[in-house]
Structures are given as C-alpha cells and as structure tokens.
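# Overview (structure and organization)
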Amino acid sequence: MSRLDELIKELCPNGVEYKSIADIFDTITDYTAAGSFKTIADNVKYYKEENYAQLIRTTDLKSNFLDKTNFVYVDENAFKFLWRVNLNENSLIMPNIGNCGEIYFVTKDLFPNENNVLGPNAILLKTKIYNIKYFYYYFHIKIFQKQLEKITSNTGQTKFNKTDLKKILVPVPPLEVQDEIVRILDTFTALTAELTAELTARRNQYSWYRDYLLKFENKIEIVKLGSVSNIVRGASPRPISNYITFEEDGINWIKIGDVNLESKYVEKTKEKITQEGAKKSRIVKKGDLILSNSMSFGRPYIVNQEGCIHDGWILISDYQTNYSTDFLYYLLMSNKVQKYMRDNVVSGTVQNLNIDIVKNIEIPLPPLEVQKRIVEVLDNFEKICNDLNIGLPAEIEARQKQYEFYRNILLTFNNEEIYALSKQASKQASKQASKQASPKSN
C-alpha cells in the first residue's frame, strides 16, 4: 500500500470536504483593489529603467523572465501604495483578463528583483492554512478549468471577476494528503524541468549556429529591409466586437494569442471578422511575414493562411524576388536584428516598434541558391529542437502527458479508481526520483 493510499484511508475514507475558494484563501485580491483608476494613475508610474520594484505581468511569467528588455518597474511610493499585491510569499497568480485559465505558482526567489508587485489583469491568491501548491495543481485539471469557463465572458477579451471565482467549490483533503499529492507531482515536474533545461541549452547552441551562418562579413551586399519589401502596419476596425463573425465567409482575424511561441508559422485563428471589417483592416496573404510591434515586439511569423491583422502587427510583403520566406524569417530572428530592434524601439509605458525602425533594418542579400542551402541547415536544427516526434521534445511531451494523467487521477476525488491508481502514481514517482538521483553516464 502506498503512503498516499494509507493517508486517504486513514484521514478521508469517506471522501473529501469541498470548500469555496473564498473559504480557502486568506488573500484574494488584485491591482485594482488599491482604488479608482484615477487614484491608481495618481500614485503609480511605470518606468522602463530599473527602479524600486518590478511590476510582474503575465508576459513576464510566460517567458520565465528571460526577456529583460521588456521589464516594467515602479517606484517605492507605488510599491507601498500597491501593498495588497506585493509578491513577498508563496502565491498563486490567475490572469482574469486575457489568458484566462492560466495558473502560476510563484515564490519570492523566482523573481529577478528583490521587490515585486503584481500588475493589472490578474488575481492574487494566498493561504497560510493549506499547501498552496496543491491548489496550483488542482486548478490545472479539466474539472476546475470547466468551472472557470462557466464564469468567463468571451465577449472581446476573455475575463472573469473575483466575486464569481470565490464561489467555485474545490476538494480540500487533509493537509497530510495535500502534501503527499504535491510530493508525487513535484517528482514528475522535476524530471520535465531537467529535460527542458537540456533542451534550452541545445536551443542556445542552435541560436549560435544560426547567427554564425547568417554572418557574411563584407562579402555580401547589405540592404535595408524597406528597400526590398513593402512594410505597413496592421489596422483594426473599431469596435472590433461589431465585426466578429462565426459565418463561413468570415476572414481569419490574426491576434497575438493565435501564435505559438515555439513555431515560426501562424497556422490558424480563433476568430474571424466580417467582409466589411476586413475592408477596414490589413489583408495578409499566405507567405507574408508579420512582426509583433508592441509588448513582446519584433517576433516574426510566417503567415500560412490568408487573413487580416490588427495594429499590433507589422506586415512585410513583396520581398520574394530577393529573399526566400524562410531565409528572411531567420534573418529577422537573428540576435543582431533583434538587438537592433530592442535598441531602437520607441519607449513609453508600452514599448512600441514603428514602421521606420523596421524599414531601416540592415540585412545581407546573398543569392537565392545560397539562401536555400542555409535554410536547409537551419530547418534541420530547428526540427531537432522543436519537433515533438523526435529527441528531447518528444521525451518532454511524453513526460508531460504522463504527469497530466497522474495529476488528473490524483486530484479527482470522486473517482473510485484513485486508490488503485495512487499506488501506481507513487511507484512511478519513486522510479523517477531514483533516475534523477542516479549518476548520469557520459
């Protein structure tokens, strides 16, 4: 009998108690709890340069704080004014305007800076009574996500409020059971984290080779991007809610949330706009390149379908006589070009990449045959790093599915199979721990 089996049969043989989120967490608050919009605007100023505290946003959590060029800071007065959302202990962060359904578990040592405060559009949860990481795991399972969907509005940006969140009921087993479930699931996630770190190292190696192959010294003509392509900004019909459609003749509406950060293609969209809306937007064709122009600015994508883009994108088209699409994509992804955009971006509360900056990007113009050979090499590197069917990506994907399977089983307390499967999960976790503890062979 596993340790979890023993605890369940001893402490909750007849099932577990369900409690509302309001009764579980000591703190359920957000950025706007500080006061009215005017009061917040009078007391909170954003800075691009490092200051007293960092404003923690969903984009920072998603990138694991790797993109330091996009960090936002606040001064000491704002930090004290926003005391309710100071991130000074283990907490959960739930985006509630956009990115609904994402859950982040944060600890003080996770952040790059000493002082940190939660930004807008997210809810902060803390508890001193329970194992907060247990709820982090529980909030990811389908049962909870479906409950969250019921209170989420899909008009425009997805959003839900604190009042509705507080009413959701979740199972709360005894603390000893919570701790054991967390221990088992932590073992699975630790192995995935180790594999992911190794994959990150390979991607860094790939990035070095990409930049090396694209470094032509003075042997190749250098041109400005604006001289060999057409560059324009996207456009948005307003209010956009008036132009969203579910009709078959709708035009694909490409948003930042439609892209996969691990992919170089825009494959599909969640929404469409009407033909009339398309006339007020910017049409993109298959094979065009688009660049995000604010927040995580400068990330290129190849459009794999016709559609429309809003003013958060920049369109690069009509370059095909000089460049292959994939080669130009790799040039725009190179560290040299990315650094140029970072160094020249228009500063403000939100950094913005304008048309003139993109037009003035200087890039090499090798013959198309040379471009083709370089693309073949880089595509092969990218496949090794990102293809879910081979190598480390495939193993990470398999481990993630295994973790999700056991997580769902362990946290579904009305499932009669839990007693048998908890033993299986405990054994599997022990095996994983043994593998991690054993020395690696060269």
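One structure accompanies this document, and this report is about it. Everything numeric here is computed off the predicted structure, so don't read it as measured data.

## Remarks on the packing of aromatic side chains
Applying the stated criterion across every chain yields a total of 17 aromatic pairs. Seen from their ring centres, Phe25 and Phe139 are 6.2 Å apart, and the 50° between their planes marks the pair as tilted. Of the two residues, Phe25 is situated in the loop between α2 (21-24) and β2 (27-30) and Phe139 in the loop between α6 (132-138) and α7 (142-150); the sequence distance between them amounts to 114 residues. Both residues of the pair, Phe25 and Phe139, belong to the buried class. When the centroid spacing of 4.2 Å and the interplanar angle of 15° are considered together, the rings of Phe139 and Phe144 count as stacked. Under the relative-accessibility criterion, Phe139 is labelled buried at 0%.

## Considering the environment of Pro112
You can see Pro112 is positioned in the loop between β6 (104-106) and β7 (116-118). With relative accessibility at 40%, the residue Pro112 sits in the partly exposed group. Residues Pro112 and Leu66, spaced 46 residues apart in sequence, show a C-alpha to C-alpha distance of 9.7 Å. Not counting the four nearest positions on each side in its chain, Pro112 is found in contact with Gln54, Phe65 and Phe71.

## Considering helix α15 (residues 391-410)
The terminal C-alpha atoms of α15, which comprises 20 residues, lie 29 Å apart, in line with the 28 Å expected from a rise of 1.5 Å per residue. Of all the residues in α15, the buried ones are Leu392, Pro393, Ile396, Arg399, Gln402, Tyr403, Tyr406, Arg407, Ile409 and Leu410.

## Some details on helix α12 (residues 335-344)
By the burial criterion, the buried members of α12 are Val337, Gln338 and Met341. Angular distribution of buried residues about the axis of α12 spans 100°; they occupy a single face of the element. In α12, those exposed residues whose orientation departs by more than 90 degrees from the buried face are Lys336 and Asp343. Tucked inside the fold, the buried residues of α12 contact β17 (289-292), β18 (300-303), α11 (325-333) and β21 (362-364).

## Focus on the sheet that holds β17
If you walk across this open sheet you meet the five strands as β11-β20-β17-β18-β14, and the pairing is mixed. Every interior strand has two partners, whereas the edge strands, β11 (230-233) and β14 (265-266), have only one. In terms of strand pairing, β17 meets β18 through three bridges, oriented antiparallel. From the neighbouring strand, Leu289 faces β18, where its bridge partner is Ile302. The strands that α11 touches are β14, β17, β18 and β20 (313-317); relative to β18, the one it contacts most, it runs at about 165°.

## Regarding the pattern of salt bridges
When charged atoms on two side chains of opposite charge get close, those side chains can pair. Applying the stated rule across the entire model yields 17 salt bridges. Of the charged contacts, one joins Glu102 and Lys62 as a salt bridge, the two residues approaching to 3.2 Å between their closest N and O atoms. Note that Glu102 is positioned in the loop between β5 (91-95) and β6 and Lys62 in helix α4 (residues 58-62), a separation of 40 residues in sequence. Notably, a salt bridge pairs Lys264 with Asp326, separated by 2.8 Å at the nearest N-O pair. You can see Lys264 sitting in the loop between β13 (251-254) and β14 and its partner Asp326 sitting in helix α11, a full 62 residues away along the chain. Among the charged side chains, a salt-bridge network with shared partners connects Lys264, Asp326 and Asp379.

## A word on the pairing of β13
Direction of pairing for β13 relative to strand β15 (residues 271-273): antiparallel, over a ladder of three bridges. Note on β15: the bridge partner recorded for Ile251 is Ile273. Bridge analysis of β13 against strand β19 (residues 307-309) gives two bridges, and the strand direction is parallel. Within β19, the position partnered with Trp253 by the bridge is Cys308.

## Digging into unusual backbone geometry
Cis geometry is found at the peptide bond from Arg238 to Pro239, where omega equals -10°. For Pro239, the location among the structural elements is in the loop between β11 and β12 (244-245). Even without a glycine there, the phi angle at Asn99 is positive, about 55°. Its place among the elements puts Asn99 in the loop between β5 and β6.

## So, a negative patch on the surface
Together, Glu6, Glu10, Glu176 and Asp179 give the surface a local cluster of negative charge. For the negative patch, the secondary structure elements donating two or more residues are α1 (3-11) and α9 (175-213). On the secondary structure map, Asp179 appears in helix α9. Accessibility expressed as a relative area gives 37% for Asp179, which makes it partly exposed.

Basis of the calculations
Residues numbered from 1 in each chain as written. Predicted model: local features only at pLDDT ≥ 70, side-chain atom pairs only at ≥ 80, totals over all residues. Heavy atoms only, no water. Phe/Tyr/Trp six-rings, centres within 6.5 Å; stacked < 30°, edge-to-face > 60°. Helix = DSSP H or I, 4+ residues; strand = E, 2+ residues; numbered from the N terminus. Buried < 20%, exposed > 50% of the residue type's maximum accessible area, 1.4 Å probe, protein only. Contact = heavy atoms within 4.5 Å. Expected span 1.5 Å × (residues − 1). Arc of directions from axis to C-beta. Pairing = 2+ DSSP bridges. Axes fitted to C-alpha atoms, helices over the stretch in contact; angles between N-to-C directions. Salt bridge = Lys/Arg side-chain N within 4 Å of Asp/Glu carboxyl O. Patch = residues over 30% accessible without salt bridge, like charges linked within 9 Å, V, L, I, M, F, W, Y side chains within 5 Å. Areas by Shrake-Rupley, 256 points an atom, 1.4 Å probe, with all protein chains shown as cover. Lys, Arg positive; Asp, Glu negative; His and termini not counted. Charge placed at Lys NZ, Arg CZ, Asp CG, Glu CD.

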